[in-house]
Amino acid sequence: MNEPSSTEKKLIPISVVALDIALPESPTGAMIRTLGLVSAICGLIIVGAYQGTYDAVAANKRIAAERAVFRVLPKAKTIAEFFAQPGGGIAKVGAGDTAIPPGAVKFFAAYDDAGKLAGIAAEGVGKGYADNVRIMFGYQPDCQCVVGIGVVAMRETPGIGDKIITDKDFLANFTALDLRLKADLSMLANEVKAVKHGSKTAAWQIDAIAGATITSRAVGKAINDSAQALLPRLLPHLEKLKTS
Amino acid sequence: MSTADTPQTWDEFMEGVWRQNPVFVMVLGMCPTLAVTVSAINAISMGLATLFVLVCSCGLVSLMRRFTPKEVRIAVYIVIIATFVTAVDYAIQAISLALYEALGAFIQLIVVNCIILGRAEAHAAKNAPMPAMINAAGMGVGFTIGLLALGVVREILGAGTLFGVALFGAGFQPWVIMVLPPGGFFVLGAWLLLFSWWARRRPLKEAAQNV
């Protein structure tokens, strides 16, 4: 009876080993020290990486914006960045000045060889099939019309929605898309809208791509919303932009 | 390092590349694997970014292993991993914005890639920095190979190009579904099938020879 069974004999050493493995609780000081040390090292690495790449990233962003502008305004040679203030009026974006007042609309003024205004470029956003479609459009003050568009970012279905950058018939909509304002310059005279393929009747309508109506509509809405916000503020001050 | 160590080091490295390949054997990190492999260049960039984060974070985790109380180890690992991911994020923006846009949120999501936390917890926390980094490098290379295997197939079938160079004539009709999300599953399934068939065939062959 006093003799322990064989199973009990086996159990005893196991429980002893388990007690051995359980480490004592770490002191609070050690935890704080380690976390503090790790945070300090990581902070240094992040700040180093940010500062080390800052110039290259800024240059890349500028080049990407310029490329998008040059694509929609082929005559452009140099560009300047402006923003239209919420209360009306425009201001130039200074170098390294990334903070734009809330409600302001950013746009680019493009100049040709002779330093004359070659057009205005602005970005617009519309809800597409998969995600927001961000486009850049070129605007000519002379004809008050869109003269070209390019896509900044989109995730539309390859082969269907992404035809908006390749379909020649669709792009033909944007050689002279009417963006005239009302006589009092308060808003667009006509809403820019994509209409069903083959039913375009007016110069402010966009003939949608058959099978990619949602993406086409997104482009129309992007241009409409952006122009609606930008042009009434911009046109009264157009003289300021005439020469670089 | 002495020459006697070399085979073991090599073994350590090949562990991740082949026997424990993160994509084909462990089937870890499927989120970026399926999402960014629409082209070979995206795949290889994602693979290299992950490789860098793996090696650096495993190195630092291993250096810190003696001072890391087990109660706060996960916090320490995540902070270290997130740091290197942030560094990679800036580096990719500096190299190419187009690539940055193409990889999208998946660069930031390297933070929660289970391969990296898995390596930190299972290997780097218990080994000296050198073997930990070699093991991590093997895993990273294995992951890159896995992504590249998917990216190459999907780009050739879905776009008719390889690294952006057109492979076929103008008459080629791309198999568009291959660059859409379902294509990722098809190609991954096909590779897994091929890989496990091949891995199973070898022992069978050896057994047949022994008989």
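Heads up: these notes are all about the structure in this document. For clarity, every value in this text was computed on a predicted model and none was experimentally measured.

### With respect to the overall build of chain B
Counting secondary structure elements, chain B contains eight helices and two strands. Structurally, chain B occupies a C-alpha span of about 60 × 60 × 30 Å along its principal axes. For chain B, the proportion of contacts with a sequence separation of at least 24, taken over those separated by at least 6, is 72%. For chain B, the exposed area adds up to about 10300 Å²; of that, 70% sits on carbon and sulfur atoms.

### Re the pairing of strand 1 (residues 78-84) of chain A
Residues and elements named next belong to chain A. Across seven bridges, the pairing between strand 1 and strand 3 (residues 105-111) is antiparallel. Following the sheet pairing, Ala 80 is matched in strand 3 by Ala 109. By the bridge criterion, three bridges tie strand 1 to strand 2 (residues 90-92) in an arrangement that is antiparallel. In the sheet register, Phe 82 faces strand 2, and the bridge partner there is Lys 92. Hairpin geometry of strand 1 and strand 2 is characterised by an intervening segment of five residues between the two adjacent antiparallel strands and by a positive phi of about 100 degrees at Gly 88.

### Remarks on the packing of helix 4 (residues 73-95) of chain B against helix 6 (residues 114-122) of chain B
All names here are of chain B. Following both chains from N to C, one finds helix 4 and helix 6 inclined at 130 degrees, their axes separated by 11 Å at the closest point. Between helix 4 and helix 6, the interaxial angle falls into the category oblique. Classified by chirality, the crossing of helix 6 by helix 4 is right-handed. Here Arg 73, Ile 74, Tyr 77, Ile 78 and Ile 81 of helix 4 lie close against helix 6, whose contacting residues are Ile 116, Leu 117, Ala 120 and Glu 121. Looking at side-chain class alone, the contact of helix 4 with helix 6 contains seven nonpolar, no polar and two charged residues.

### Here we look at the pattern of salt bridges
Taken as a whole and assessed by the stated rule, the structure comprises seven salt bridges over all chains. Arg 180 of chain A is the partner of Asp 178 of chain A in a salt bridge, and the nearest nitrogen-oxygen pair spans 2.7 Å. Taking relative accessible area as the criterion, Asp 178 of chain A reaches 9% and is therefore assigned buried. In this structure, Arg 19 of chain B and Glu 15 of chain B form a salt bridge, with 3.3 Å as the shortest nitrogen-oxygen distance.

### Observations concerning the packing of aromatic side chains
Residue and element names in this part refer to chain B. Scanning all chains against the criterion turns up 11 aromatic pairs over all chains. Residues Trp 18 and Trp 198 carry aromatic rings whose centres are separated by 5.8 Å and whose planes lie at 85 degrees to one another, so their mutual orientation is edge-to-face. Of the two residues, Trp 18 sits in helix 1 (residues 6-19) while Trp 198 sits in helix 8 (residues 181-210), which places them 180 residues apart along the sequence. Judged by relative accessible area, which is 35%, Trp 198 ranks as partly exposed. Ring pairs connect the aromatic residues Trp 18, Phe 24, Trp 191, Phe 195 and Trp 198, which therefore count as one cluster.

### A short note on unusual backbone geometry
A negative phi angle characterises most non-glycine residues, just as the trans form characterises most peptide bonds. One non-glycine residue, Gln 144 of chain A, lies in the positive phi region at around 50 degrees. As for its position among the elements, Gln 144 of chain A is in the loop between strand 5 (132-140) and strand 6 (145-153). A positive phi angle, close to 50 degrees, is found at Val 27 of chain B, a residue other than glycine. Structurally, the position occupied by Val 27 of chain B is in the loop between helix 1 and helix 2 (30-35). Using a relative accessible area of 37% as the deciding quantity, one classes Val 27 of chain B as partly exposed.

### As for the interface of chain B and chain A
Contacts between the two partners involve 28 residues from chain B and, on the opposite side, 26 residues from chain A. With both chains or domains summed, chain B and chain A bury close to 2200 Å², and 76% of this area falls on carbon and sulfur atoms. The largest share of the area that chain B buries against chain A comes from Thr 83, Tyr 90 and Leu 97 of chain B, three residues that together contribute 23% of it. Along the contact surface separating chain B from chain A lie zero salt bridges. Linking chain B to chain A there are three residue pairs in polar contact (both at pLDDT 80 or more).

### A closer look at the pairing of strand 5 of chain A
Residues and elements named next belong to chain A. Counting buried residues along strand 5, seven of its nine residues qualify, which places the element largely inside the surrounding structure. Alignment of strand 4 (residues 117-127) against strand 5, held across eight bridges, turns out to be antiparallel. Opposite Ala 122, over in strand 5, you have Phe 137 as the bridge partner. Remark: four residues form the turn of the hairpin made by strand 4 and strand 5, two consecutive strands paired antiparallel. In this structure, the hairpin formed by strand 5 and strand 6 is closed by a connection of four residues, where Gln 144 is found at a positive phi of approximately 50 degrees.

Conventions and cut-offs
Residues numbered from 1 in each chain as written. Chains lettered and ligands numbered in written order. Predicted model: local features only at pLDDT ≥ 70, side-chain atom pairs only at ≥ 80, totals over all residues. Heavy atoms only, no water. Helix = DSSP H or I, 4+ residues; strand = E, 2+ residues; numbered from the N terminus. Contact = heavy atoms within 4.5 Å. Areas by Shrake-Rupley, 256 points an atom, 1.4 Å probe, with all protein chains shown as cover. Pairing = 2+ DSSP bridges. Axes fitted to C-alpha atoms, helices over the stretch in contact; angles between N-to-C directions. Parallel < 35°, antiparallel > 145°, perpendicular 65-115°, else oblique. Left-handed = near helix turned anticlockwise from the far one by under 90°. Nonpolar A, V, L, I, M, F, W, Y, C, P; charged D, E, K, R; others polar. Salt bridge = Lys/Arg side-chain N within 4 Å of Asp/Glu carboxyl O. Buried < 20%, exposed > 50% of the residue type's maximum accessible area, 1.4 Å probe, protein only. Phe/Tyr/Trp six-rings, centres within 6.5 Å; stacked < 30°, edge-to-face > 60°. Buried area = accessible area lost by both parts, 1.4 Å probe. Polar contact = N/O pair within 3.5 Å; in protein donor to acceptor, adjacent residues only side chain to side chain.

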